[in-house]
Amino acid sequence: MYTTMHHMLKMAKKERKGVGAFNIHALEVVPVMIRAAEELNAPVVLQASVSTAKYIGFDLLAAIVKNIADKASVEVALHLDHAKELKDIQDALEGGFSSVMIDGSYLSLDDNISITCKAVELAKRYGASVEAELGIVGRGKVINKYPYTNPKDAKIFVDKTGVDALAVGIGTHHGQYQAKTDISLSALSDIHAQVGIPLVLHGGTGVKEEDLADCISLGMHKLNFGTELNVSWVRKAKEIFNDAMPDDSIRELLIPCNEAMKRTIQNKIGLVRK
Ligand SMILES: [Zn+2]
């Protein structure tokens, strides 16, 4: 069933569980991503960066996800990840995405509130959900300590914008897969005490598996994993394509790569649905 992230996260909060959100890197992997969730009877968020959504086409991506989701036995949402421009949010909503993220984390608190309110207003017209971000989730060079999201600012932000979910900075880093991050559960606990809506973990690949349950119990109900999926697919592809002959079927070559990604997704789902 194709649904909104709002609905899915409401259920997850009630059940004290997490929902895995997985980044689509190419159209080819979409069916296997949904199948991975179906086999574990778990809801799933499929998400695309603005670049991926533009590469595939907002409406084509949404049409394919919807088509598979409508026949699936589990709930599926399609989410636009880290949009900075309202134009991209508009294109995603118009194309049929059921959820969008407006990332104003690089702006001042007031400007972040202002652009987020505009995104919420837009999404309302389409019945879609909105995730926003406040604080810093690292990207690029890994540094030891990022400033954490200020809990009081988080409360003001949520009250003024009416977003469905909030991504917060507790020390995680995008793209980190070779070493794990020391996140601050006490920072998360302080934010959770101020904010009632579901929180979102970004940079999930770099988070220690044993920390995920604590993140969920402290209000993180959407947990994003992107890099590790990509790594598992490419590692398998290097092996398969290295041994391939030019006349081998592309389909036969892609299947094991997709299956490698599926195993990674299922491992993460197992961790967040405990
Ligand atoms: Zn992110």
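Only a predicted model underlies this, so the values are computations on that prediction, with no experimental measurement involved.

Novice: Where do I start with the packing of helix H2 (residues 30–39) against helix H4 (residues 58–71) in this structure?
Specialist: Contact pair H2 / H4: the axes reach a minimum separation of 10 Å and the direction vectors enclose 30°. Regarding the angle of H2 to H4, the classification is roughly parallel. As H2 runs across H4, the sense of the crossing is right-handed. Contact residues: H2 offers Val 30, Pro 31, Ile 34 and Glu 38, while H4 offers Leu 61, Ile 64, Val 65, Ile 68, Ala 69 and Lys 71.

Novice: For this particular structure, what's the right way to read the coordination of the zinc ion?
Specialist: Each donor-metal-donor angle in an ideal tetrahedron of four donors is 109.5 degrees, and each such angle in an ideal octahedron of six donors is either 90 or 180 degrees. The zinc ion binds to the protein through His 82 (NE2), His 174 (NE2) and His 202 (ND1), with metal-donor distances spanning 1.9 to 2.0 Å. Sequence positions of the donors to the zinc ion reduce to the motif H-x91-H-x27-H. In this pair, His 174 sits in the loop between strand S6 (165–168) and helix H8 (185–194) while His 202 sits in the loop between strand S7 (199–201) and helix H9 (209–217), placing the two residues 28 residues apart along the sequence. Per residue, the accessibility class of His 174 equals that of His 202, and both read buried.

Novice: Any chance you could explain the pattern of salt bridges here in plain terms?
Specialist: Between side chains of opposite charge, a pair can form when the charged atoms approach closely. Following the criterion strictly, the structure yields twelve salt bridges and no others. Between Lys 87 and Asp 91 there is a salt bridge whose closest N-O contact spans 2.9 Å. Residue Lys 87 and its partner Asp 91 are both found in helix H5 (residues 86–95); the two are separated by four residues, about one turn of the helix. Looking at Lys 87, the relative accessible area reads 55%, which means it is exposed. Judged by relative accessible area, which is 24%, Asp 91 ranks as partly exposed. The residue Lys 268 makes a salt bridge to Glu 228 at a minimum N-O spacing of 3.0 Å. Of this pair, Lys 268 sits in helix H11 (residues 250–272) while Glu 228 sits in helix H10 (residues 227–242), and the two are 40 residues apart along the sequence. A relative accessible area of 21% places Glu 228 in the partly exposed class.

Cut-off values and rules
Residues numbered from 1 in each chain as written. Predicted model: local features only at pLDDT ≥ 70, side-chain atom pairs only at ≥ 80, totals over all residues. Heavy atoms only, no water. Axes fitted to C-alpha atoms, helices over the stretch in contact; angles between N-to-C directions. Helix = DSSP H or I, 4+ residues; strand = E, 2+ residues; numbered from the N terminus. Parallel < 35°, antiparallel > 145°, perpendicular 65-115°, else oblique. Left-handed = near helix turned anticlockwise from the far one by under 90°. Contact = heavy atoms within 4.5 Å. Donors = N, O, S within 2.8 Å, 3.2 Å for Na, K, Ca; no water. Buried < 20%, exposed > 50% of the residue type's maximum accessible area, 1.4 Å probe, protein only. Salt bridge = Lys/Arg side-chain N within 4 Å of Asp/Glu carboxyl O.

Keep in mind these values describe shape, not function.
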